[in-house]
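# Close look at the chain arrangement
One letter stands for each residue in the lines below.
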Amino acid sequence: MTSPGVTTTAPSALIERHGHVMLITLNRPEARNAVNAEMCLLVGDALEEADRDPEIRAVVLTGAGDKAFCAGADLKAITRGERIIPEGREKWGLAGYVGHAISKPTIAAVNAPALGGGAELVLASDLVIAADTAVFGLPEVKRGLIAGAGGAFRLTAKLPQTVAMELLMTGDSITAQRALELHLVNRVVPAADVLTTALELAEAIAANAPLAVQAHKRIALAQNASGEDSGWQMTSDALPTIASSDDAKEGPRAFAEKRAPVWSGR
């Protein structure tokens, strides 16, 4: 019971079990589920638990509320000088998810817009169920940043190169229907049905022999492993230069101040 006058803060991610399925809900709806350090810890630890537990056979990732699946990194927190990825968890990447490969299938239940790091969470997932109201995009260039959570190389791996390059260089987004046409997502359903559909898909997977499912995932994705290694290295090499630029400071500042950025190219 909460004492009078005491304010409690909900955790940044909620972890539930639905039979053999783990449901992870990004739980910062007031911040459009933007990623902070606590979310990285909670999601990363949940994935570790899912990977170790033989009773968990699939993982579903979704966002709380109806404003966003995930808006990416919390730019206001970055502007305040706060860490988004806790020290010692760098290998797992944004939200403890984008670089955190596990043996169990992962499904993104995209309930609303998935932009920036939110789109990178989608790209890191094995399967995607999207709301018909969802949009996908990597607007980092509009903030003086780069898609540092895998988006720059995963988007070109999943979409035709010319389409991916346009999205990366313009920072524009695409609708859920367009994402379906491009095979970026598996299904598009009404927003109210996203989580139910994703859980049904996870349960259908969980009904199969778990070791066989995990072997199929391992075999199917192994062909992409070497490409991702080079992609991560090139991303790591580019990040310090971009992150220390004047434009990288101006972009988040302009976002926080709700104004157009003034780029210097430095």
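Residues numbered from 1 in each chain as written. Predicted model: local features only at pLDDT ≥ 70, side-chain atom pairs only at ≥ 80, totals over all residues. Heavy atoms only, no water.

### Things to note about the packing of helix α4 (residues 151–158) against helix α5 (residues 161–170)
The relative placement of two packed helices is expressed as an angle between their axes plus a distance between the axes. Rule in force here: Here an axis means a line fitted to C-alpha atoms, over the contact stretch when the element is a helix, while the angle between two N-to-C directions is reported on a 0 to 180 degree scale. Segments assigned H or I by DSSP are reported as helices when at least four residues long, segments assigned E as strands when at least two residues long, and all are numbered from the N terminus. Any angle between 65 and 115 degrees counts as roughly perpendicular, while under 35 counts as roughly parallel, over 145 as roughly antiparallel, and the rest as oblique. We call a crossing left-handed when the near helix sits turned anticlockwise from the far one by less than a right angle, and right-handed when that turn is clockwise. Should any heavy atoms of two residues lie within 4.5 Å, those residues are counted as being in contact. Charged means Asp, Glu, Lys or Arg here, nonpolar means Ala, Val, Leu, Ile, Met, Phe, Trp, Tyr, Cys or Pro, and polar covers whatever is left, Gly included.
Running from N to C, α4 and α5 point in directions that differ by 150 degrees, and their axes come no closer than 8 Å. In terms of axis orientation, α4 runs roughly antiparallel to α5. Here α4 runs over α5; the crossing is right-handed. Packed against α4, whose contacting residues are Gly 151, Ala 152, Leu 155 and Thr 156, the element α5 presents Ala 164, Leu 167 and Leu 168 at the interface. Classifying every residue of the contact of α4 with α5 by side-chain character gives 5 nonpolar, 2 polar and no charged.

### Considerations on the sheet that holds strand β2 (residues 21–26)
What counts, and what does not: Any two strands with at least two DSSP-identified bridges between them are counted as paired.
Strand order in the open sheet formed by 6 strands is β1-β2-β3-β4-β6-β9, and the pairing between neighbours is mixed. Strands with a single pairing partner mark the edges of an open sheet, and in this sheet they are β1 (13–18) and β9 (187–189). Across the sheet, the mean angle from the axis of one strand to that of its neighbour is 20 degrees, orientation sign disregarded. Pairing between β1 and β2: 6 bridges, direction antiparallel.

### Structural notes on the sheet that holds strand β7 (residues 135–137)
Two orientations exist for strands paired in a sheet by backbone hydrogen bonds: parallel and antiparallel. The 3 strands lie next to each other as β5-β7-β8, forming an open sheet whose pairing is mixed. In this open sheet, the two strands that pair with only one neighbour each are β5 (114–115) and β8 (173–175). Across 3 bridges, the pairing between β7 and β8 is antiparallel. By the bridge assignment for β8, Val 135 is matched with Thr 175.

### A short note on a negative patch on the surface
The criterion, for reference: Here, patches come from residues exposed beyond 30% relative accessible area and free of salt bridges, joined within 9 Å for like charges and within 5 Å for nonpolar side chains (Val, Leu, Ile, Met, Phe, Trp, Tyr). A 1.4 Å probe and the Shrake-Rupley method give the accessible areas. Residues count as covered only by the protein chains that appear here. By definition here, a salt bridge exists when the distance from a side-chain nitrogen of Lys or Arg to a carboxyl oxygen of Asp or Glu is within 4 Å. Asp and Glu count as negative and Lys and Arg as positive, but His and the ends of the chain are not part of the count. Each charge is placed at NZ for Lys, CZ for Arg, CG for Asp and CD for Glu.
Where like charges cluster on the molecular surface, the negative patch consists of Asp 132, Asp 193, Glu 200 and Glu 203. One can find Asp 132 in the loop between β6 (127–131) and β7.

### What about the pattern of salt bridges?
Formally: A simple rule labels every residue: compare its accessible area, found with a 1.4 Å probe on the protein chains alone, to the largest value its type can have, and call it buried under 20%, exposed over 50%, or partly exposed in between.
The full count for this structure, using the stated rule, is 9 salt bridges. Residue Asp 74 is joined to Arg 28 by a salt bridge in which the shortest nitrogen-to-oxygen separation is 3.1 Å. With Asp 74 in the loop between β3 (58–63) and α2 (75–79) and Arg 28 in the loop between β2 and α1 (37–52), this residue pair connects regions lying 46 residues apart in the sequence. Classification of Arg 28 as buried rests on a relative accessible area of 13%.

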